[in-house]
Amino acid sequence: MEISAVNALRCPHCREGFAAPQATEHSMACAGGHNFDIARQGYLNLLTGHGTKFVPDTAAMVSARDAFLDAGHYKPLSEALAELVGALLAEPALPSPKLIVDAGTGTGHYLHQVLAACSPGSPGARRPAAVGLDISKFALRRAARRNPEAVNIVWDLWRELPLGTAVADVVLVIFAPRNASEFARILKPGGSLVVVTPLPQHLAEIAAEAGMLGIQADKESALTASLASHFVPTGSREVVATLQLSPADVGHVALMGPAGHHLDPEQLAERLARLPKLTTATAAFRISVFHPLPETSRVS
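Everything in this summary refers to the structure shown in the same document. Model, not experiment: these values are computed from the prediction. (Residues numbered from 1 in each chain as written. Predicted model: local features only at pLDDT ≥ 70, side-chain atom pairs only at ≥ 80, totals over all residues. Heavy atoms only, no water.)

Another point: the overall build of the chain. Across its full length, the chain holds 10 helices and 10 strands. Here the C-alpha atoms of the chain give a radius of gyration of 19 Å, agreeing with the 19 Å that 2.2 N^0.38 yields for 300 residues. With respect to the three principal axes, the spread of C-alpha positions in the chain is 60 × 45 × 40 Å. With 300 residues in all, the chain has 48% of them scored as buried. A fraction of 69% describes how many contacts in the chain between residues 6 or more apart in sequence connect residues 24 or more apart. When the accessible surface of the chain is split by element, carbon and sulfur atoms take 53% of a total near 13800 Å². For the chain, the centre of its 25 positive side-chain charges and the centre of its 27 negative side-chain charges are spaced 2 Å apart. (Helix = DSSP H or I, 4+ residues; strand = E, 2+ residues; numbered from the N terminus. Rg over C-alpha atoms; globule rule 2.2 N^0.38 Å. Buried < 20%, exposed > 50% of the residue type's maximum accessible area, 1.4 Å probe, protein only. Contact = heavy atoms within 4.5 Å. Areas by Shrake-Rupley, 256 points an atom, 1.4 Å probe, with all protein chains shown as cover. Lys, Arg positive; Asp, Glu negative; His and termini not counted. Charge placed at Lys NZ, Arg CZ, Asp CG, Glu CD.)

And the structure:
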């Protein structure tokens, strides 16, 4: 684990900091003496009390997502994110070391692409450190393998984040819950919140077959309004790509999203059997960038 990422963590019990574990250790202890397990796959579980009331993604959902993303269908989004985050981290106002927090990291796919693109090209330069947060241990098993240098943590994004104040340079939120007050708290002055949302036409051609919910037409204004108490928008860009999807790809789309929690496998198989060998679909995303308001301007 990258030491600067460990230094950004705070104990969910007492808010004390952590010491980086040795390679052979299977737990991490905070300065207050609270211990937390490191799974053999490499992720850290910081959930306390009753854990979370939300239902984590299952192993099947995570496997479907990995298969779909690894096939390269959303490569244009990965490339656009990597380019954007690289530019944000290059801002001279942000001191080193740099830290990316991926809130809802899933299998770590997008974070991996961003970190790879941000690898230093000059001697002495440092690759940004990273913390990935997700509620699903099945997703984090894959994230820890994909991004072993990151600190990958089981956590509920709606709770107070297990991170210090003003520690992150960029917070990524890719199809994940948006805890505005906590994101604003952990960002450094001059840091950026980067949010990815689907555009209304996203995968509309296969929405029925994949059991996807409709996407609201005013999603951008709704996003800005939901963050307005703590953030101001500073820019956005759209990423649109034409996909050629096999029935298996459509099945992965069906399983990898929220609908995967309650899909009937037999009904899904029947729908997929009616599809042609390839179906043309449109992937359409908006990447929005926000900067935190000054603390005195925020609405509690």
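Looking at the element boundaries, glutamate 91 is found in the loop between helix H3 (75–89) and strand E4 (99–103). Judged by its relative accessible area of 42%, glutamate 91 is partly exposed. Once the C-alpha coordinates of glutamate 91 and aspartate 169 are considered, the two residues, 78 residues apart in sequence, prove to be 9.9 Å apart.

Take the sheet that holds strand E3 (residues 44–45) next. In spatial order, the strands read E3-E6-E5-E4-E7-E8-E10-E9; together these 8 strands make up an open sheet with mixed pairing. A single partner strand is all that each edge strand has here, and the edge strands are E3 and strand E9 (231–245). Relative to strand E7 (residues 168–174), E4 runs parallel, the two sharing 3 bridges. Bridging from a neighbouring strand, valine 101 pairs with valine 171 of E7. Sheet contacts for helix H8 (residues 219–227): strand E8 (187–198), E9 and strand E10 (279–292); angle to E8, the most-contacted strand, approximately 150°. (Pairing = 2+ DSSP bridges. Axes fitted to C-alpha atoms, helices over the stretch in contact; angles between N-to-C directions.)

Below, the discussion takes up the layout of surface pockets. The computed volume of the largest pocket comes to approximately 1400 Å³. Lining the largest pocket are 46 residues; nearest its centre among them are Phe175, Ala176, Met256, Gly257 and Pro258. Contributing elements (two or more residues each) for the lining of the largest pocket: helix H2 (59–70), helix H4 (109–117), E8 and helix H9 (247–256). Class assignment for the residues of the lining of the largest pocket results in 26 nonpolar, 13 polar and 7 charged. By volume, the second largest pocket is sized at about 250 Å³. (1 Å grid on protein atoms, 1.4 Å probe; cavity = no way out; pocket = protein on both sides within 12 Å on 5 of 7 lines; lining within 4 Å. Points joined across faces, edges and corners; volume = space filled by probe spheres on them. Nonpolar A, V, L, I, M, F, W, Y, C, P; charged D, E, K, R; others polar.)

Below, the discussion takes up helix H10 (residues 265–273). Of all the positions in H10, only Leu268, Arg271 and Leu272 are classed as buried. Projected onto a plane normal to the axis of H10, the buried residues spread over an arc of 95° and lie on a single side. When the buried face of H10 is taken as reference, the exposed residues oriented beyond 90 degrees from it are Glu266 and Ala273. Buried residues belonging to H10 abut helix H7 (207–210) and H9. Two or three places before glutamate 266, at the opening of H10, aspartate 264 has a side-chain oxygen 2.9 Å from that residue's backbone nitrogen. (Arc of directions from axis to C-beta. Polar contact = N/O pair within 3.5 Å; in protein donor to acceptor, adjacent residues only side chain to side chain.)

A few words now on unusual backbone geometry. In this structure, arginine 15 is a non-glycine residue whose phi angle is positive, near 70°. Looking at the secondary structure, you find arginine 15 in the loop between helix H1 (3–8) and strand E1 (27–29). Despite not being glycine, phenylalanine 175 shows a phi value in the positive range, around 55°. Along the chain, phenylalanine 175 falls in the loop between E7 and helix H6 (180–186). Assessed through its relative accessible area of 42%, phenylalanine 175 is described here as partly exposed.

A complete count under the given rule lists 11 salt bridges for this structure. A salt bridge links arginine 146 to aspartate 66; the nearest nitrogen and oxygen atoms lie 3.1 Å apart. Here aspartate 66 lies in helix H2 and arginine 146 lies in helix H5 (residues 137–146), a separation of 80 residues in the sequence. Judged by relative accessible area, which is 6%, aspartate 66 ranks as buried. One salt bridge in this structure joins glutamate 182 and arginine 185, with 2.8 Å as the shortest N-O distance. Taken together, the positions of glutamate 182 and arginine 185, both in helix H6 and 3 residues apart, correspond to about one turn of that helix. Taken as a pair, glutamate 182 and arginine 185 share a single burial class, namely buried. Shared partners join several salt bridges into a network, and the residues in it are Asp66, Asp70, Arg142 and Arg146. (Salt bridge = Lys/Arg side-chain N within 4 Å of Asp/Glu carboxyl O.)

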